[in-house]
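Single-letter residue listing:
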Amino acid sequence: MGATVEGQQDADRRLLCAVAAGDESALEGLYVRHGPALLAYAEGLLTDRHRAEETVQDTLLAVWRGADSFQGRSTVRTWLFGICRRQALRRMGVRGGPVHVPIDAAVEVAADEPGPEAVTLARADARTVAAAMRTLPAIHREVLDLAFGAGLTRDEIAVVLDVPVGTVKSRLFHARAVLARALADGTEDAPAAAQQAAGRGGRR
Amino acid sequence: MRHPTGQLAEYVAGTLPARDAAAVAAHLPRCPACRQEVAGWQHLADGVRARMAPAPAAVLAAVRRRLAAPNAAGSVAAPPVYRAVPGARPLARAAGLLAHQWRLVGWRVWAVSAVVLVAGMALAGWVSVPAQPVLAVVVPLVGALAVASACGGDALNDELIRATPTSVRTVLLARLTLVLAAVFVAALAGSLVLSLAGAGGPGRLLAAWLGPMVLLSAVSFAFSVIWRPAVGLSAALAVWALRALMAAGHADPAVAGAVEAMWRTSWPPLVTAGALVAGVLAIVPRLASMRTVQIRS
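In this convention, every chain numbers its residues from 1, walking through the sequence in written order. Chain labels run from A onward and ligand labels from 1 onward, assigned in the order the entries are written. Where local features are concerned, this predicted model is filtered to residues with pLDDT of at least 70; where side-chain atom pairs are given and counted, the filter is 80 or more; whole-chain, interface and lining totals use all residues.

Caption draft 1: Representation of the overall build of chain A within the structure. Numbering of helices and strands runs from the N terminus; a helix is a DSSP stretch of H or I covering at least four residues, while a strand is a stretch of E covering at least two. Across its full length, chain A carries 11 helices and zero strands. Going through the 204 residues of chain A one by one, you find that 47% of them count as buried. With C-beta atoms placed from the backbone, a residue counts as buried when 20 or more other C-beta atoms lie within 10 Å of its own, as exposed when 12 or fewer do, and as partly exposed for counts between those limits.

Caption draft 2: Spatial organisation of the UniProt feature "transmembrane region" (unreviewed entry) in chain B. UniProt positions are given in the numbering used here, feature names are shortened, and annotations may be inferred rather than shown by experiment. Here the UniProt-annotated "transmembrane region" (unreviewed entry) positions come out as residues 109-128, 134-156, 176-199, 205-223, 230-250 and 270-288 of chain B. Annotated as 100% helix and 0% strand, the span residues 205-223 of chain B places its first and last C-alpha atoms 28 Å apart.

Caption draft 3: Seen up close, the interface of chain A and chain B. Residue pairs qualify as contacts under a 7 Å threshold applied to their C-beta atoms, which are placed from the backbone. Across the boundary between the two partners, chain A contributes 45 residues, which contact 38 residues of chain B. Looking at the side of chain A that touches chain B, the elements with two or more residues in it are helix 2 (24-46), helix 3 (49-66), helix 6 (117-123), helix 7 (126-133), helix 8 (138-149) and helix 10 (165-189) of chain A. For the side of chain A that touches chain B, the element with the highest residue contribution is helix 2 of chain A, accounting for nine residues. For this classification, the nonpolar set comprises Ala, Val, Leu, Ile, Met, Phe, Trp, Tyr, Cys and Pro, the charged set comprises Asp, Glu, Lys and Arg, and every other residue, Gly included, is treated as polar. Looking at the side of chain A that touches chain B residue by residue, the classes come out as 28 nonpolar, six polar and 11 charged.

Caption draft 4: Highlighting helix 11 (residues 229-247) of chain B. Residue and element names in this part refer to chain B. Here helix 11 spans 27 Å end to end across 19 residues, near enough to the 27 Å set by a 1.5 Å rise per residue. If you check which residues of helix 11 are buried, you get Pro229, Gly232, Leu233, Ala235, Ala236, Val239 and Arg243. An end-on view of helix 11 places all buried positions within 160° of arc, on one side of the element. For helix 11, the exposed residues lying more than 90 degrees away from the buried face are Ala230, Ala238, Ala241 and Ala244. At its buried positions, helix 11 is contacted by helix 7 (132-151), helix 10 (202-226) and helix 12 (253-262). The positive-phi residue at the C-terminal boundary of helix 11 is Gly249, with phi of around 80°. Take the number of residues in a helix, subtract one, and multiply by 1.5 Å to get its expected span. It is the directions from the helix axis to the C-beta atoms whose arc is reported.

Caption draft 5: Region of interest: the UniProt feature "domain: Putative zinc-finger" (unreviewed entry) in chain B. The feature "domain: Putative zinc-finger" (unreviewed entry), as given by UniProt, occupies residues 7-35 of chain B in the numbering adopted here. A distance of 12 Å separates the end C-alpha atoms of residues 7-35 of chain B, which is 69% helix and 0% strand.

Caption draft 6: The confidence of the model for chain B, seen in detail. Residues and elements named next belong to chain B. As a per-residue measure, pLDDT tells how confident the predictor is, with possible values from 0 to 100. For chain B, the mean per-residue pLDDT works out to 77, and 81% of the residues sit at or above 70. Within chain B, no element has a lower average pLDDT than helix 8 (residues 155-163), which sits at 56, and none a higher one than helix 2 (residues 18-27), at 92. Considering only residues more than four positions removed or in separate chains, one finds that residues 72-77, a stretch of pLDDT under 50, has five contacts. Overall, residues 292-297 carries pLDDT values under 50, and its contacts beyond four positions in sequence, including any with other chains, amount to zero contacts. Taken together, the chains of this predicted complex give a pTM of 0.51 and an interface ipTM of 0.80.

This is the structure in structure tokens:
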């Protein structure tokens, strides 16, 4: 598995070198590889598909212009998602400073024993989870998108979000807990509404 | 038994290093709790991935459009390089240069010079029967004053000069020419009027002020350009006052004779003035870059 991750990163780096040399098809290659995850990530931050697409446009333009300034201190996809995040925050009107961090996200989670959330989640199907994702705060949605959508490692996520690695871990657990709570509320209070939400999520 | 709970999310995401992933895989068959956890993360991951749609080609098309429009893409164009074309219609260029300097020098300099000159001429015509001494005192002063104000380096004009494709030397020379020519023409006209009014022959009137004006203007020019207008004007005034003292007979006859020789319309003062101006023009570009450095630092 490690070898394929390395292979993917090499492919990314080759594409970025070609972009730096002015090869538009290499930019397309990067977009094909990471576009879906970038779009989902940007949409998760902005909660708007149109603005998410514009953000990804901005990201690709920034990659085109800045490809030769990439220094290889991070992986290419970390760089991509970092740019995408900055562009999205710019669109959100956040400049420089960090996104608001809820107090519970800063608290370390005791992650030694299996929690009850796993049971709730294991019962839910993908569409229900996707619908519940929309109710999450952006700070939780983005860590889930980066971990499972983009497939970034914990270290890479830490770089993109500019937080310590331990915070990435605790945010993941918090996101899961909040999502499980939303799922549980949905199934107990109004199963019909959850179904409806799932249906909307599926059509989108 | 120690549960790898903290690694299960990465295990499901596929981002756990190979060795850790193998350890987790070995642990799972023996641990229902961790299997439950993995199932939970797996459903979460499926839900997250279900939100991912194929990347539309429209985004890429829009990027290509924005790359094709250079301004919209925000690419910074290289600043244009200005190149003066000597030889192309030199007379028109010279006329244009002088006309622009006329505006850049500013109306205040022209107004003050005109007032002083007219007052001096009036005084010469009204008070003294031989008009030469008054003219020899007034006209050089006007020249020095106008040259100092027009050629001295004020910050605003410095910027303007540096922004033009014309070299600093050319600009300074154009200003000096323009100012001296204007003062010369005005003083010449005044002298002719005085001559007609019976103040003396036009040649003698002209000789009274031409040499001193050139020399004093050159001194004023040198100090104004190298330091600043106030210094140039002070230097000119000092030379001028020295000459006035000599004329009043307050100095050693030998020194007075030498000063007086420099104050006549003859070769020595004209050559001295020419050498001064040429020397200043030679070092002006270096001065300009030194000033730029000072401004930037």
